[in-house]
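Structural description and commentary
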Amino acid sequence: MLALMLWFPESSVNAARAALTVWGLDVVPSLFPYMVFCRMLASRLRATGISASLAAPLLGLMGGSPSGAAVISAYAGEGALSRRALRGLAALTGTISPMFLLSTVGMWAKDARFGRLLLAANLLGAASAMALAYATGKDEMPPPSLGASSCEKRESDPISQSVQAILGVGGCIVFFSVLASLPGALFPGKGDTALALLHAVLEVSGGLHALLGAPLLPYPRAVLCAAATGFSGLSILVQNMLFLRPLGLTLMQLTAFGLVRAAGASAAMALLYPLFFAAG
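Just so we're clear, the structure is a prediction, and the values are computed from it rather than from any experiment.

Criteria and thresholds
Residues numbered from 1 in each chain as written. Predicted model: local features only at pLDDT ≥ 70, side-chain atom pairs only at ≥ 80, totals over all residues. Heavy atoms only, no water. Core = buried A, V, L, I, M, F, W, Y, C linked by side-chain atoms within 4.5 Å. Buried < 20%, exposed > 50% of the residue type's maximum accessible area, 1.4 Å probe, protein only. Helix = DSSP H or I, 4+ residues; strand = E, 2+ residues; numbered from the N terminus. Contact = heavy atoms within 4.5 Å. Expected span 1.5 Å × (residues − 1). Patch = residues over 30% accessible without salt bridge, like charges linked within 9 Å, V, L, I, M, F, W, Y side chains within 5 Å. Areas by Shrake-Rupley, 256 points an atom, 1.4 Å probe, with all protein chains shown as cover. Salt bridge = Lys/Arg side-chain N within 4 Å of Asp/Glu carboxyl O.

So, the nonpolar core
Counting 41 residues, the largest nonpolar core has Val27, Phe100, Val105, Phe114, Leu118 and Met269 as its most contacted members. Listed by contribution, the elements that provide at least two residues to this core are α2 (9-47), α6 (98-109), α7 (112-135), α9 (158-186), α10 (192-202), α11 (204-213), α12 (218-231) and α14 (251-276). For this core, the element with the most residues is α2, which contributes eight residues. Not counting the four nearest positions on each side in its chain, Phe100 is found in contact with Val27, Ser30, Val105, Trp108, Ser205 and Leu208. In terms of nonpolar packing, the next biggest core, distinct from the first, is built from 30 residues, Val71, Ala76, Leu86 and Leu247 among them.

Comments concerning helix α13 (residues 233-244)
In this model α13 runs 16 Å from its N-terminal to its C-terminal C-alpha over 12 residues, within 8% of the 16 Å that 1.5 Å per residue would give. Within α13 the residues assigned to the buried category are Gly233, Ser235, Ile236, Leu237, Gln239, Asn240, Met241, Phe243 and Leu244.

Comments concerning a nonpolar patch on the surface
On the surface, Met1, Met5 and Phe175 cluster together into a nonpolar patch covering about 250 Å² of accessible area. Along the polypeptide, Met1 turns up in the segment before α1 (2-7).

Notes on unusual backbone geometry
The linkage connecting Ser65 with the following residue, Pro66, adopts the cis geometry, with an omega of 0 degrees. Checked against the element boundaries, Pro66 lands in the loop between α3 (52-63) and α4 (67-77). Not every positive phi belongs to a glycine, and Lys110 is a case in point at roughly 60 degrees. Positive phi outside glycine occurs at Ser232, with the angle close to 80 degrees. The exposure class assigned to Ser232 is buried, which follows from its relative accessible area of 0%.

Let's talk about the side chain of Ser266
Inspection of the secondary structure puts Ser266 in helix α14. Accessibility expressed as a relative area gives 16% for Ser266, which makes it buried.

Below is the structure:
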């Protein structure tokens, strides 16, 4: 990758600039305020003693990744989640922020209905992944989180904690966007759709933007977008792993959960799209 960056410096810089534009103008406005609110609410719910099995799914789905992983880490660090529940919640909450799908993706697609439909497909895919992960998990308690104490200290300042998280999101978006740009520079003219799919596998926000602009018919584009957002991209999987690895979950497991979400979301989109749009 380093050699390709040096060989194609203009492509790398342009990809980083485009990724920063997507992050700064689209991701931050939709995700950051929501992330702060979810962290404040998580702290309040934990203080009132509400069960982790109720609060973690709600807050994880509301905040999206990596907020969901942070909420799970906080609860698991207190010994409030079994291994079975940990796997199920990790599969369920490894999703993209609903606010991003409803606002940013709806804006990109120039149709708010598409954002709502994509959210519905993602929730169905996440539910199927949770069911599979829960069915194959064990009831033993996970190891205590090494980072639980530091996470708990930072929870008193949800804004500072969210700043660090949103910067991490931006860093991953830029890194994986540059990585996704290099095959196109190395093999120019090999098809915008294939490069958009590769981008989505590596980094979903920029990849989703590329898929919406790719030369595709509306129906297959919608199914591919659902699969991409269900998988959530290696960038988000790595962000989630930083919170969940101390609890015993590996990147391979999170990737498997993402593949199940992708299959469920794309199947749901294939069934739902003709009901709301004319399949093209």
